[in-house]
Amino acid sequence: MSHNKNAAKVEQILRSYGVDVRKCMRCGKCTATCPAFDAMEYHPHQFIYMVERGEVDKLAASPSIWHCLSCFACMERCPRQVEPAKLIEAVRVAVVREKGQNHLKPEDVPALLDEDLPQQAITSAFRKYSK
Amino acid sequence: MKFSYYPGCTLKTKGKDLDTYARASAEALGVELAELPEWQCCGAVYPMAKDEIATKLSAVRALANARDLDTELVTLCSACHNVIKQVNNDMKTDADIVLRVNNYLKLDTPYNGETNVLHFLEVLRDRVGFDELKKKVVNPLTGRKIAAYYGCLLLRPSKVMAMDDPENPTILEDFIRAIGAEPVIYAMRNECCGGYVTIENPGEAKRRSNAVLDNAASKGADTVVTACPLCLYNLKKNGGHDDLPVVYFTELLAEALGVK
Ligand code: SF4
Ligand code: SF4
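Criteria and thresholds
- Residues numbered from 1 in each chain as written.
- Chains lettered and ligands numbered in written order.
- Predicted model: local features only at pLDDT ≥ 70, side-chain atom pairs only at ≥ 80, totals over all residues.
- Heavy atoms only, no water.
- Salt bridge = Lys/Arg side-chain N within 4 Å of Asp/Glu carboxyl O.
- Helix = DSSP H or I, 4+ residues; strand = E, 2+ residues; numbered from the N terminus.
- Buried < 20%, exposed > 50% of the residue type's maximum accessible area, 1.4 Å probe, protein only.
- Axes fitted to C-alpha atoms, helices over the stretch in contact; angles between N-to-C directions.
- Parallel < 35°, antiparallel > 145°, perpendicular 65-115°, else oblique.
- Contact = heavy atoms within 4.5 Å.
- Nonpolar A, V, L, I, M, F, W, Y, C, P; charged D, E, K, R; others polar.
- Near = heavy atom within 4 Å.
- Polar contact = N/O pair within 3.5 Å; in protein donor to acceptor, adjacent residues only side chain to side chain.
- Buried area = accessible area lost by both parts, 1.4 Å probe.

Chemist: How should the pattern of salt bridges be read in this particular structure?
Modeler: Where side chains of opposite charge bring their charged atoms close, a pairing between them can arise. All names here are of chain B. Scanning all chains against the criterion turns up 33 salt bridges over all chains. A salt bridge links Lys50 to Asp94, with the shortest nitrogen-to-oxygen separation between them at 3.6 Å. In this pair, Lys50 is assigned in the loop between β2 (32-35) and α2 (57-68) and Asp94 in the loop between α3 (78-93) and α4 (95-105), connecting sequence segments 44 residues apart. The exposure class of Lys50 is partly exposed, given its relative accessible area of 36%.

Set out below in structure tokens:
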């Protein structure tokens, strides 16, 4: 990707989520508290500095973005109010907003259902994984 | 005491028990929960982007309808509560979202975050009062050791949800005391069950839910309560503890009030 296009993507991500990556002091508390930490290739604190450095494409290609549970623990516990969950969602949304990039497709759903699965699970997965 | 009530999609289907026991209990407590006419699914997760407008509209419609009925809005499902309360916060604080939402909806009166949103637990604590609730209990659950499972959505982000201390909450424990049982405090009560990841990665949900129930069981709980249908599903299905029943808090409320 060209430098300019990449810079535009970073700017769009930061603007539409209102995250100030420069507030991060790299303490790692977000990663320490993250329940999905061990399933992630890039951890919450890495999202912060990788977005700051413009490495959005690496994050976008990583399965890490599908492992975040949106549990808000990192947002609640960050001592600097950086809100890493928002950045992870930002990268995920940047991916699914591109044509043909939905991570969960309606035709996949029937096979994933079981008799007790609440509607809420399907609705949230669609919101998180698709556009 | 009359409130507008937003049940949400799951409480009409797989999560019926959460709803029916709440309605029966509310009646016994003299609380009227009037279901909002024509509510729509809230979407189950709050869209964090400031430029996500369409995905916030169903929550705003519910909020505006409650305002037009001149009532506060009561929710019961943790996920609906989280979405509706966070969207309401946007409608109070983010001028750009307010403008774009109102341009889209063209309501007779634009919506500006006027409605007060309460979780049913807050109705019990702040309007009925746990002391009053205690007086209405006919079947105290004496001797039961109950672990409250908050999960993520009831408490976080705390500056918006403002229900309780996000790291040391007491609302469910005080509720458990009011119905005559003993609350069990354990570290994992406000950690995630795995949520929607269960759909594509059940192994991850199993690890998360099992850690929660192992912890509750090790502290001597005989029952776990939740306010969230997805937490209930994950803990029951993926928690690996058939010995530890997981129920909605409203079921125990109805039992204690003698309306189950
Ligand atoms: S907790 Fe906050 S300040 Fe610490 S590394 Fe994470 S984002 Fe940065
Ligand atoms: S919101 Fe996502 S990144 Fe943050 S703690 Fe939860 S699972 Fe980890």
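Chemist: Quick question: what am I supposed to make of the packing of helix α8 (residues 202-218) of chain B against helix α9 (residues 229-238) of chain B here?
Modeler: Two measures define how a pair of helices packs: the angle their axes make with one another and the distance between the axes. All names here are of chain B. Running from N to C, α8 and α9 cross one another at 90 degrees; their axes reach a closest spacing of 8 Å. Our classification of the angle between α8 and α9 gives roughly perpendicular. On α9, the residues touching Ala205, Lys206, Ser209, Asn210, Val212 and Leu213 of α8 are Asn234, Leu235 and Asn238. Taken together, the residues of the contact of α8 with α9 break down into four nonpolar, four polar and one charged.

Chemist: Teacher, can you tell me more about the site of ligand 1 here?
Modeler: All names here are of chain A. Close to ligand 1 lie 14 residues; Cys24, Cys27, Gly28, Cys30 and Cys78 are nearest. Among the elements of the structure, α2 (29-33) and α3 (44-52) are those that each provide at least two residues to the shell around ligand 1. Class assignment of the residues belonging to the shell around ligand 1 gives a composition of nine nonpolar, two polar and three charged.

Chemist: Looking at this structure, I do not really get unusual backbone geometry. What am I missing?
Modeler: Residue and element names in this part refer to chain B. A cis geometry characterises the amide bond from Arg156 onward to Pro157, with omega recorded as -5 degrees. As for its position among the elements, Pro157 is in the loop between β5 (145-148) and α6 (158-161). The phi dihedral of Asp70 is positive, around 60 degrees, even though this residue is not glycine. Its location among the elements puts Asp70 in the loop between α2 and β3 (73-75).

Chemist: What exactly am I supposed to notice about the side chain of Asp90 of chain B here?
Modeler: Residues and elements named next belong to chain B. As for its placement among the helices and strands, Asp90 is situated in helix α3. A polar side-chain atom of Asp90 sits 2.5 Å from a polar atom in the side chain of Tyr46. The contact partners of Asp90, leaving out residues within four places of it in the chain, are Tyr46, Lys56, Ile97 and Val98.

Chemist: Even after reading the chapter, I still don't get the interface of chain A and chain B, so can you show me in this structure?
Modeler: As a measure of interface size, the accessible area lost when the parts come together is often cited. Listed by partner, the interface residues are 44 residues for chain A and 47 residues for chain B. Approximately 3,900 Å² of surface area, both sides summed, lies buried where chain A meets chain B, with 57% of it carried by carbon and sulfur atoms. Our count for the contact surface shared by chain A and chain B stands at six salt bridges. Note that Lys159 of chain B and Glu83 of chain A form a salt bridge whose closest N and O atoms lie 3.4 Å from each other. Summed over the shared surface of chain A and chain B, the result is 19 residue pairs in polar contact (both at pLDDT 80 or more). Those elements that place two or more of their residues in the side of chain A that touches chain B are α1 (3-17), α5 (64-67), α6 (73-77), α7 (84-96) and α9 (119-129) of chain A. Sort the elements by how many residues they give to the side of chain A that touches chain B and α9 of chain A lands first, with 10 residues.

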